[in-house]
Amino acid sequence: MVLPDVGLVIDEPYISQILAGDKIWEMRGSRTGKREVIGLIKKGTKHVYGTAELYACEGPLSYEQLLVATDKHGISRERVEAGLLDKWNYAWKLKNVVEFEKPIPYIHPNGAVTWVKLNNHAQQANKPNNSSPKAKQVLAEKTLSKQQSVNSFHASTTAEKTDVPVAKDGTFFSPELARNGFFTVGEKGDEQKFRSFEDALQYLRNMNKAKWRRPNDKGNWGIVSAVEWR
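Conventions adopted
- Residues numbered from 1 in each chain as written.
- Predicted model: local features only at pLDDT ≥ 70, side-chain atom pairs only at ≥ 80, totals over all residues.
- Heavy atoms only, no water.
- Helix = DSSP H or I, 4+ residues; strand = E, 2+ residues; numbered from the N terminus.
- Buried < 20%, exposed > 50% of the residue type's maximum accessible area, 1.4 Å probe, protein only.
- Contact = heavy atoms within 4.5 Å.
- Areas by Shrake-Rupley, 256 points an atom, 1.4 Å probe, with all protein chains shown as cover.
- pLDDT = per-residue confidence, 0-100.
- Core = buried A, V, L, I, M, F, W, Y, C linked by side-chain atoms within 4.5 Å.
- Pairing = 2+ DSSP bridges.
- Salt bridge = Lys/Arg side-chain N within 4 Å of Asp/Glu carboxyl O.

A short note on the overall build of the chain
- In terms of regular secondary structure, the chain is built from seven helices and eleven strands.
- Across the 230 residues of the chain, 40% fall into the buried class.
- Look at the contacts in the chain between residues 6 or more apart in sequence, and 62% of them connect residues 24 or more apart.
- Looking at the chain as shown, the accessible area adds up to about 13000 Å², and 48% of this sits on carbon and sulfur atoms.

Given below as structure tokens:
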């Protein structure tokens, strides 16, 4: 099966709601310019569960707009009133949802959090064990390249070209910033801790201005703000 060029990583229970037709707005913290058929990836599974057409984006939506659209975004009125969507107020609108009879595996690129370039990943993941030696060598070289890109994440350009927030002093958010096993991100007084770098990066993407803690030259940990993503 030929998959779309890109897939969107969606957590439970939201992906199941979308596949069941109970949710037609995927709520995110920023606008998207994509208008195309996309793959629906269940977070943490490395499988594409279906496809949908991303045809529009609306937001930021007001509190009142979110309250009257519970049938579209699938979040209960009580959870909206509790502030669940305060920072997730952009509706990525979906239609023509198709659920696969059997989820399709793909090779998940290191560092991919929101969007995944599928291209030939699914075909590679489904290749039989009797693939030609040359094909196996090509796949091994690509996998090694992805691993090396993470090891050299501090370089200005990585093999995966994953966008990360960059502070005014040129430092940026990276896997090396875990302190006692946690990444600390968010506004001062409302900071969040994540064990997973990808989860922390996703949180930063959904902030109006990404902020995270990192050590300065003297080893003191402080909050810095993003001036750009690259």
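We are not done yet, so read on.
Points about the confidence of the model for the chain
- Scored by pLDDT, the chain has a mean of 82; 80% of the residues are at 70 or more.
- Across residues 123-132, where pLDDT falls below 50, the model places 14 contacts with residues more than four positions away in sequence or in other chains.

Some words on the environment of Ile24
- The topology assignment puts Ile24 in the loop between helix 1 (14-20) and strand 2 (25-28).
- Look at Ile24 and you get partly exposed, because its relative accessible area is 37%.
- Excluding residues within four positions of it along the chain, Ile24 makes contact with Lys72, Trp92, Lys93 and Leu94.

Quick notes on the nonpolar core
- Judged by nonpolar contacts, the single largest core of 19 residues is most densely connected at Phe173, Phe183, Val185, Leu201, Leu204 and Trp212.
- Counting only elements with at least two residues in this core, the list comes to strand 7 (165-167), strand 8 (183-185), helix 7 (197-205) and strand 11 (221-229).
- Looking at this core, the element that brings in the most residues is helix 7, giving five residues.
- If you look at the next biggest cluster of nonpolar residues, it comprises 15 residues, including Ile38, Leu40, Tyr90 and Trp92.

Some details on the pairing of strand 2
- By the alternation rule, side chains of strand 2 split into Trp25 and Met27 and Glu26 and Arg28, which are all buried.
- Across four bridges, strand 2 lies against strand 5 (residues 90-105) in antiparallel orientation. Opposite Trp25, over in strand 5, you have Lys93 as the bridge partner.

Digging into the pattern of salt bridges
- As enumerated under the stated definition, the model contains twelve salt bridges in all.
- Between Glu58 and Lys93 there is a salt bridge, with the nearest N and O atoms lying 2.7 Å from each other. Of this pair, Glu58 sits in strand 4 (residues 47-58) while Lys93 sits in strand 5, and the two are 35 residues apart along the sequence.
- Classification of Glu58 by relative accessible area gives partly exposed; the value is 29%.
- Notably, a salt bridge pairs Glu191 with Arg213, separated by 2.6 Å at the nearest N-O pair.

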